[in-house]
Amino acid sequence: MELDSLYQAVILDHYRKPHHKGLQSGFDIQVKHNNPSCGDEVTLNLSISDGVIKAISWDGVGCSISMASASMMSDLLLDQSYEDANQILAEFVELMQSKGQSQGNEALLDDAVAFAGVSKFPARIKCALLGWMAYKDASSQLMA
Amino acid sequence: MVDLSQYKKDFPILSRTVRGGNPLVYLDSGATSQKPEQVISAEGDFYRKHNAAVHRGAHLLAEEASAAYESARENVATFIGAKAAETIFTKSATESINAIAYSFGNSDSSSKFSIKAGDEIVVSEMEHHANLIPWQQLAKRTGAKLRWFEVTPEGRLDLSKLSDVINAKTKIVAITHQSNVLGSITPLKPITAAARAVGALIVLDACQSVPHFKVDVKELDVDFIMFSGHKMLGPTGVGILWGRETLLNEMSPFLFGGSMIDSVTMTEATWAQLPQKFEAGVPNMAQAVGLSAAVDYLNKVGMKNLHEHEIALTKQMLDGLSQIQGVNIIGPVEIKDRGGVVSFTIDGVHPHDVGQYLDQHGIAVRTGHHCAWPLMRKLNLVGTTRASFHLYNNADDVIKLLDSVSEVQAYFKVKI
Ligand SMILES: Cc1ncc(COP(=O)(O)O)c(C=O)c1O
């Protein structure tokens with residue numbers, strides 16, 4: 001079923017048991033993003049020191065796609081340099097815009113290539129990007 | 001149950017297939033209804049045969065276009081028991097509500113429509129954003145206070161504080177006729193009585209009522225109603241603002257331009273009579289004509305039949321959903337004072353994911369906050385899944401929805 005390409009097992013796993021969910025204290029910046037069309041919300045705490053992502057935690061309410069994506073994002077970006085994190089972010093955004101044409105670069109995205117199927121469902125791309133856009137906002141404010 | 005099955009074939013879109021190669025089960029008429037061939041061709045025929053700017057031009061086409069536009073107005077007016085002069089074409093219900101809110105906000109301090117600090121505007125927690133934000137912003141601009149009726153846990157308007165909410169300071173009561181989320185129909189009598197007692201104006205958002213059951217403005221005892229053509233089998237781009245003639249005569253126009261004037265100099269202008277006073281610019285003529293065809297269609301089906309049909313489907317849906325484990329109905333479970341809108345949640349599965357699962361089976365529903373975010377916050381929900389009906393739906397559609405809903409938790413591996 002076409003739907004299975006959207007709801008890959010690894011996505012549903014992260015949805016049920018999200019990583020780095022629950023806001024941790026001691027952050028450098030906190031941002032809150034929402035998706036006004038469906039009401040999903042993500043709050044993200046981020047710390048960057050010496051150009052490295054030292055801490056990332058988040059909380060929020062939303063669909064399986066938005067929550068699983070925020071979960072995998074925090075796994076992927078923690079302990080990366082700001083530059084490497086930006087590369088991963090760019091790769092993920094590109095995957096989301098690929099209209100089902102890309103498998104995603106597994107070397108950069110690891111399990112997050114499971115979101116490739118989302119790019120065929122235009123209404124869900126914003127869900128998948130919610131946490132990532134919160135990160136982009138927070139990190140660019142910190143590095144400005 | 002009344003048999004409306006003969007009508008479905010008039011709706012060309014309902015014979016297409018959608019995702020997964022499934023036939024379309026359209027359960028999103030609360031957002032917008034589908035259109036019968038009669039409406040599509042009325043709109044097309046206007047462009048093919050009569051297109052010209054109405055109320056101007058000395059040629060035959062202009063005469064025909066004006067006649068078609070004005071007879072559309074007559075037809076819509078009769079449908080709601082109104083006079084043509086009081087029935088104003090706008091672009092949508094949203095525009096209608098904003099228009100009167102602006103008109104009130106711009107009026108002279110001596111006018112009965114003037115809103116100032118110390119005045120109160122009353123809405124409810126179940127308003128669509130379209131009947132909340134214009135009033136919220138009017139209150140902000142003028143220093144008036146926004147008050148509201150709360151919603152009971154079962155999804156009805158809580159009128160227990162009626163005499164506090166509507167009081168001597170109340171200038172406007174703006175309320176929905178039927179909730180687009182909960183399906184509950186507002187008990188108008190006590191509200192209009194309280195508003196009349198203090199001389200407040202009454203604005204009724206009829207977006208979810210006029211398309212589904214007989215509404216007669218003479219029986220309502222309200223001052224303004226508004227609704228959109230696209231939810232009642234008509235085209236997009238046309239809505240109605242109805243107001244009492246005496247009030248509309250006293251109100252200032254809110255859009256200025258061509259067609260709405262009586263006389264113009266470089267420094268002054270005077271206004272045309274109703275309804276032109278409120279219809280600046282070349283209007284959405286083809287859409288008005290299409291709306292008239294929709295009204296003809298609804299009259300042919302019969303609003304009483306339509307309502308009975310939708311109530312039967314709603315009952316079937318409520319009964320079915322209440323038997324599925326893990327499903328919670330959001331809104332009254334009793335059919336009394338309830339329309340054909342059914343919201344629900346499924347434990348452990350986000351509404352967006354529910355909607356996606358249903359879509360895979362060809363079932364189109366709405367998910368999310370339904371432009372009623374404050375209501376969602378009040379009910380402590382992130383959103384709901386909403387199925388809503390119109391005349392082309394049938395018992396089979398309900399069964400398909402129920403079957404798919406009962407599979408959702410297993411698909412998302414929620415432990416029951
Ligand atoms: C109760 C209610 N009010 C207002 C509106 C706004 O209608 P429109 O978007 O057609 O202007 C809607 C439509 O969703 C509605 O359901």
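If you're wondering where the values come from, they're calculated on a predicted model, not measured in any experiment.

Quick notes on the rules
Residues numbered from 1 in each chain as written. Chains lettered and ligands numbered in written order. Predicted model: local features only at pLDDT ≥ 70, side-chain atom pairs only at ≥ 80, totals over all residues. Heavy atoms only, no water. Helix = DSSP H or I, 4+ residues; strand = E, 2+ residues; numbered from the N terminus. Rg over C-alpha atoms; globule rule 2.2 N^0.38 Å. Buried < 20%, exposed > 50% of the residue type's maximum accessible area, 1.4 Å probe, protein only. Contact = heavy atoms within 4.5 Å. Areas by Shrake-Rupley, 256 points an atom, 1.4 Å probe, with all protein chains shown as cover. Salt bridge = Lys/Arg side-chain N within 4 Å of Asp/Glu carboxyl O. Near = heavy atom within 4 Å. Polar contact = N/O pair within 3.5 Å; in protein donor to acceptor, adjacent residues only side chain to side chain. Nonpolar A, V, L, I, M, F, W, Y, C, P; charged D, E, K, R; others polar.

A. Representation of the overall build of chain A. For chain A, the count of helices and strands is 6 helices and 3 strands. Order of helices (α) and strands (β) in chain A, N terminus to C terminus: α-α-β-β-β-α-α-α-α. For a compact globule of 144 residues, the expected C-alpha radius of gyration is about 15 Å, and chain A comes in at 14 Å, within 12% of that figure. Taking the principal axes of the C-alpha coordinates as reference, chain A spans close to 45 × 30 × 25 Å. Put simply, chain A has 144 residues, and 51% of those count as buried. Put simply, of all contacts in chain A between residues at least 6 apart along the chain, 59% involve residues at least 24 apart. Summing over all exposed atoms, chain A offers an accessible surface of approximately 6,300 Å²; the carbon and sulfur share of this is 48%.

B. Just the overall build of chain B, in detail. When you go through chain B residue by residue, the secondary structure sums to 13 helices and 16 strands. In terms of overall dimensions, chain B is globule-like: its C-alpha atoms have a radius of gyration of 22 Å, near the 22 Å expected for 416 residues. Along the longest, intermediate and shortest principal axes, the C-alpha atoms of chain B span 75 × 55 × 35 Å. Expressed as a percentage of the 416 residues in chain B, the buried residues total 58%. Within chain B, contacts between residues separated by at least 24 positions form 71% of all contacts whose residues are at least 6 apart in sequence. Here chain B has roughly 16,500 Å² of accessible surface; of this, 54% comes from carbon and sulfur atoms.

C. Here's a closer look at the pattern of salt bridges. All names here are of chain B. Following the criterion strictly, the structure yields 28 salt bridges over all chains and no others. Between Lys83 and Glu245 there is a salt bridge, with its nearest N and O atoms 2.7 Å apart. In this pair, Lys83 sits in the loop between helix 2 (60-79) and strand 2 (87-90) while Glu245 sits in helix 8 (residues 245-250), placing the two residues 162 residues apart along the sequence. Given the relative accessible area of 47%, Lys83 is considered partly exposed. Residue class for Glu245 comes out partly exposed when judged on its relative accessible area of 26%.

D. Representation of the site of the ligand within the structure. All names here are of chain B. Taken together, the neighbourhood of the ligand is formed by 13 residues, with Thr94, Asp205, Ser228, His230 and Lys231 sitting nearest. Asp205 is positioned with one of its side-chain polar atoms (N or O) 2.6 Å from a nitrogen atom of the ligand. In the complex, the protein chains occlude 88% of the 400 Å² of accessible area that the ligand would expose alone. Of the residues contributing to the shell around the ligand, the split by class is 3 nonpolar, 8 polar and 2 charged.

E. Expanded view of the environment of Gln101 of chain A. For Gln101 of chain A, the location among the structural elements is in the loop between helix 4 (82-96) and helix 5 (106-109). Separated by 20 residues in the primary sequence, Gln101 of chain A and Ser81 of chain A place their C-alpha atoms 29 Å from one another.

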